[in-house]
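Listed below, chain by chain, are the residues.
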Amino acid sequence: MAAQISIDHIQSLGGVPRTFAAGNIICDYESDAPRLLFIQEGWAASSKMMPNGTRIVTEFILRGDMVSTPLTVLSRETVQAITNVSVIVFPDFTSLPKIEAPASFYRVVLTELMRRQARMSEGLANIGRRDAMERTGYLLLELATRIGASRQHRNSDGFDCPLTQADIGDAVGLSTVHINRVLRDLREAGLLSFRNGVVAFLDRQRLMELVDFDESYFDKHVM
């Protein structure tokens, strides 16, 4: 049985809508009010800054994903809007036990935390066990799977991607210069292209086999 609750259902439970312009901070590790935020539209990134000033993107946050400010504080991460982002905000019921919520809401919160853990685990394996081309291809396959079918690209296999090469590099542990070369190599190998904000898979099946991609990790109906 799917544990997913639709965005419309989540909003009907009394959440407060908010919007963040591209580039704005949605929350960071100094956030003091415990909140749960569900992404309605847009792209965001959760990241950590290292002492030497470099950034590590721990994950990209998409429509339907949840952000927990207590988790952000514990992990010392910052969540920033990449595009304009709309969210639905709730008090964090896990931190404020006196506030009652429907059982289905508790279930979706737990499920979203489990999904994030699965994505983080896959991200670690991707960086630790794959080469530069494989980890980049894996990330773009993951994003395509999480976004789902694209209305804008019905006649081709691809999706609109607002990420910069620096964003991708920070997510897979590569410099912008290296990412530029990797994307060129993927295009020349006939696997995918990334131009003008559009990722187009030239041979998705071959790329999935190359990187050993298992889309079930990102299926919202698994749990």
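No experiment lies behind these values; they were computed from the predicted model shown. Each residue is numbered by its place in its chain's sequence as written, counting from 1. With the structure being a predicted model, the display of local features is reserved for residues of pLDDT at least 70 and the display and counting of side-chain atom pairs for 80 or more, all residues being used for whole-chain, interface and lining totals. Computation of side-chain values: all heavy atoms of the structure, hydrogens and water removed.

Draft legend 1. Focus on empty space enclosed by the protein. Only protein atoms enter the 1 Å grid used here, on which a cavity is any set of points holding a 1.4 Å probe that cannot leave and a pocket is any open set flanked by protein within 12 Å on both sides along at least five of seven lines; residues with an atom within 4 Å of a point are listed as lining. Grid points are joined across faces, edges and corners, and a volume is the space filled by probe spheres set on the points. The final tally for this structure, using the stated rule, is one cavity of 30 Å³ or more. When its volume is computed, the largest cavity comes out at roughly 130 Å³. Together, 16 residues line the largest cavity, and E59, M66, V67, S68 and R116 are the ones closest to its centre. Every helix listed is a DSSP run of H or I at least four residues long, and every strand listed is a run of E at least two residues long, numbered separately from the N terminus. Of all the elements in the fold, those that place two or more residues in the lining of the largest cavity are β5 (55-61), β6 (66-68), α2 (69-75) and α3 (103-129).

Draft legend 2. Highlighting the packing of aromatic side chains. Pairing of aromatic rings covers Phe, Tyr and Trp, the last counted by its six-membered ring, and requires centre-to-centre distances within 6.5 Å; plane angles under 30 degrees mean stacked, over 60 mean edge-to-face, and any other angle means tilted. A full pass over the atoms with the stated rule returns three aromatic pairs. A ring pair is formed by Y138 and F213, whose centres lie 5.0 Å apart and whose planes are at 65°; its orientation type is edge-to-face. Of the two residues, Y138 sits in helix α4 (residues 132-147) while F213 sits in the segment after α7 (204-211), which places them 75 residues apart along the sequence. Burial status follows relative accessibility: with a 1.4 Å probe on protein chains alone, a residue under 20% of its type maximum counts as buried, one over 50% as exposed, and anything between as partly exposed. In this structure F213 comes out as buried when scored by relative accessible area, which is 9%. Taken together, a centroid distance of 6.3 Å and an interplanar angle of 35° make the contact between F159 and F201 tilted. With F159 in strand β9 (residues 158-160) and F201 in strand β11 (residues 198-201), this pair connects stretches of sequence that are 42 residues apart.

Draft legend 3. Looking closely at the layout of surface pockets. In this structure, the second largest pocket spans a volume of roughly 350 Å³. As for the second largest pocket, its lining consists of 20 residues, and the residues nearest its centre are V57, T58, G123, I127 and A171. By residue number, the principal contributor to the lining of the second largest pocket is α3, which donates seven residues. Side-chain classes follow a simple rule in which Ala, Val, Leu, Ile, Met, Phe, Trp, Tyr, Cys and Pro form the nonpolar group, Asp, Glu, Lys and Arg form the charged group, and the remainder, Gly included, forms the polar group. Partitioning the lining of the second largest pocket into residue classes produces eleven nonpolar, three polar and six charged.

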